[in-house]
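Spelled out, the chains give:
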Amino acid sequence: MSKSKVYKQHYDPSFIMNAKDALGNEPTWRIVCSLERGPGKTYGFSKILITNYLEKDEQFVLLTRKIGDLGSVAKGILTPYLEGEHPDMSIRELVHQSKVYSQIYLDVKNGDKVDSHMVGFVLPIKQSDAIKKISGLFNHVSVMFFDEFMPSADSSYLTDEVGLLMNLYKSVARGGGKAVRELPIIMCSNTLSLGNPYFEALDLNNKIQENTRFYQGENRVVFERCEVEGLSKMHSESGLDVSLKKYIDRNRS
């Protein structure tokens, strides 16, 4: 496979989605990080999630950390893509009364009517034990997506977050006639902190650096650092960055 590239206008997820791990296996973990906001990662992966449902009837899970996030996650992630390419569609997130999860509905205008399709779920990692009890709901889920998995402050991570996510994953990956299904996890971040608990658990901390473009592990993991041509310059020339240049330089040193 050719190496990752600097993207011309926006990020294209086809490279990482077609990548295999170092042993030629389909990755469980597909991790994409950027050092700047706005390369188009969320937009690109939203397209994959929606297209997979429309063409294959495959549902998806959006991961979040806390119960309080329920109700706003799906709209925040998926709306920019729908407004850009499917203006006749909109996203609605219905929080279940148990507040363990929410259901994601795709509302499609059809003349004077609106057709609603349940396309997936938002699951808080903190609720992994409760989610175990409703694992039968997720038989049609084919992928999990965790946007902004790397927070700017380490204190935002949950206690034993990786363990909680493992527990949640095994609940979602049951069903379909199998005790465990292969279920890929896509993880995106607008920052790159090499000390984070996911990189530690996946043995990435001593395998990649901030300038690593693409890495294939031997443990069902692939990593890409995406860069869009001219994006860094656009940020540095924006009014906010110009006015706060001294603050930005001080915090980068």
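Given the structure is predicted, the values throughout are model-derived calculations rather than measurements.

(A) Seen up close, the overall build of the protein chain. Of the regular secondary structure elements, the protein chain holds nine helices and 11 strands. Of all intrachain contacts in the protein chain linking residues separated by at least 6 positions in sequence, the fraction that spans at least 24 positions is 67%. When the accessible surface of the protein chain is totalled, it reaches about 13,400 Å², and 49% of it is carbon and sulfur.

(B) Structural view of the sheet that holds strand β6 (residues 113–124). Ordered by their spatial adjacency, nine strands build an open sheet running β4-β5-β6-β3-β7-β8-β2-β10-β9, and the pairing between neighbours is mixed. Looking at the sheet topology across the chains shown, the edges are occupied by β4 (89–95) and β9 (214–216). Going across the sheet, the axis of each strand differs from the next one's by a mean of 20°, ignoring polarity. As paired elements, strand β5 (residues 102–110) and β6 share nine bridges and run antiparallel to each other. In the sheet register, K109 faces β6, and the bridge partner there is V114. Across the sheet, helix α3 (residues 73–85) touches β3 (59–64), β4, β5, β6 and β7 (141–146), and the angle it forms with β4 is around 175°. Of the strands in this sheet, β2 (29–33), β3, β6, β7 and β8 (185–189) are in contact with helix α5 (residues 161–172), which crosses β7 at around 160°.

(C) Local environment of α5. Between its first and last C-alpha, α5 extends 16 Å over 12 residues, near the 16 Å set by a 1.5 Å rise per residue. Listed in full, the buried residues belonging to α5 are E161, V162, L165, L168, Y169, S171 and V172.

(D) Structural context of the side chain of N196. With respect to the helices, strands and loops of the structure, N196 is situated in the loop between β8 and α6 (197–201). A relative accessible area of 1% means that N196 is categorised as buried. A polar atom in the side chain of N196 sits 2.9 Å from the backbone nitrogen of Y198.

(E) Quick look at the packing of helix α2 (residues 41–56) against α3. Where α2 meets α3, the axes come as close as 8 Å, and the angle between the chain directions of the two elements is 80°. Compared by their axis directions, α2 and α3 come out roughly perpendicular. Mapping the contact onto sequence places T42, Y43, S46, K47, L49, I50 and T51 in α2 and I77, L78, P80, Y81, L82, G84 and E85 in α3. Class assignment for the residues of the contact of α2 with α3 results in eight nonpolar, four polar and two charged.

(F) Seen up close, α2. With 16 residues, α2 should reach 22 Å at 1.5 Å per residue; the first-to-last C-alpha distance of 22 Å fits that figure. Turning to α2, its buried residues are K41, G44, F45, S46, I48, L49, I50, N52 and Y53. Just downstream of α2, D57 is the residue with a positive phi angle, here 60°.

(G) Spotlight on the environment of V108. Mapped onto the secondary structure, V108 falls in strand β5. On the basis of relative accessibility, which here comes to 14%, the residue V108 falls in the buried class. Once the C-alpha coordinates of V108 and S90 are considered, the two residues, 18 residues apart in sequence, prove to be 6.7 Å apart. Beyond its immediate sequence surroundings of up to four residues, V108 is in contact with D88, M89, K113, V114, D115 and H117.

Parameters at a glance
Residues numbered from 1 in each chain as written. Predicted model: local features only at pLDDT ≥ 70, side-chain atom pairs only at ≥ 80, totals over all residues. Heavy atoms only, no water. Helix = DSSP H or I, 4+ residues; strand = E, 2+ residues; numbered from the N terminus. Contact = heavy atoms within 4.5 Å. Areas by Shrake-Rupley, 256 points an atom, 1.4 Å probe, with all protein chains shown as cover. Pairing = 2+ DSSP bridges. Axes fitted to C-alpha atoms, helices over the stretch in contact; angles between N-to-C directions. Expected span 1.5 Å × (residues − 1). Buried < 20%, exposed > 50% of the residue type's maximum accessible area, 1.4 Å probe, protein only. Polar contact = N/O pair within 3.5 Å; in protein donor to acceptor, adjacent residues only side chain to side chain. Parallel < 35°, antiparallel > 145°, perpendicular 65-115°, else oblique. Nonpolar A, V, L, I, M, F, W, Y, C, P; charged D, E, K, R; others polar.

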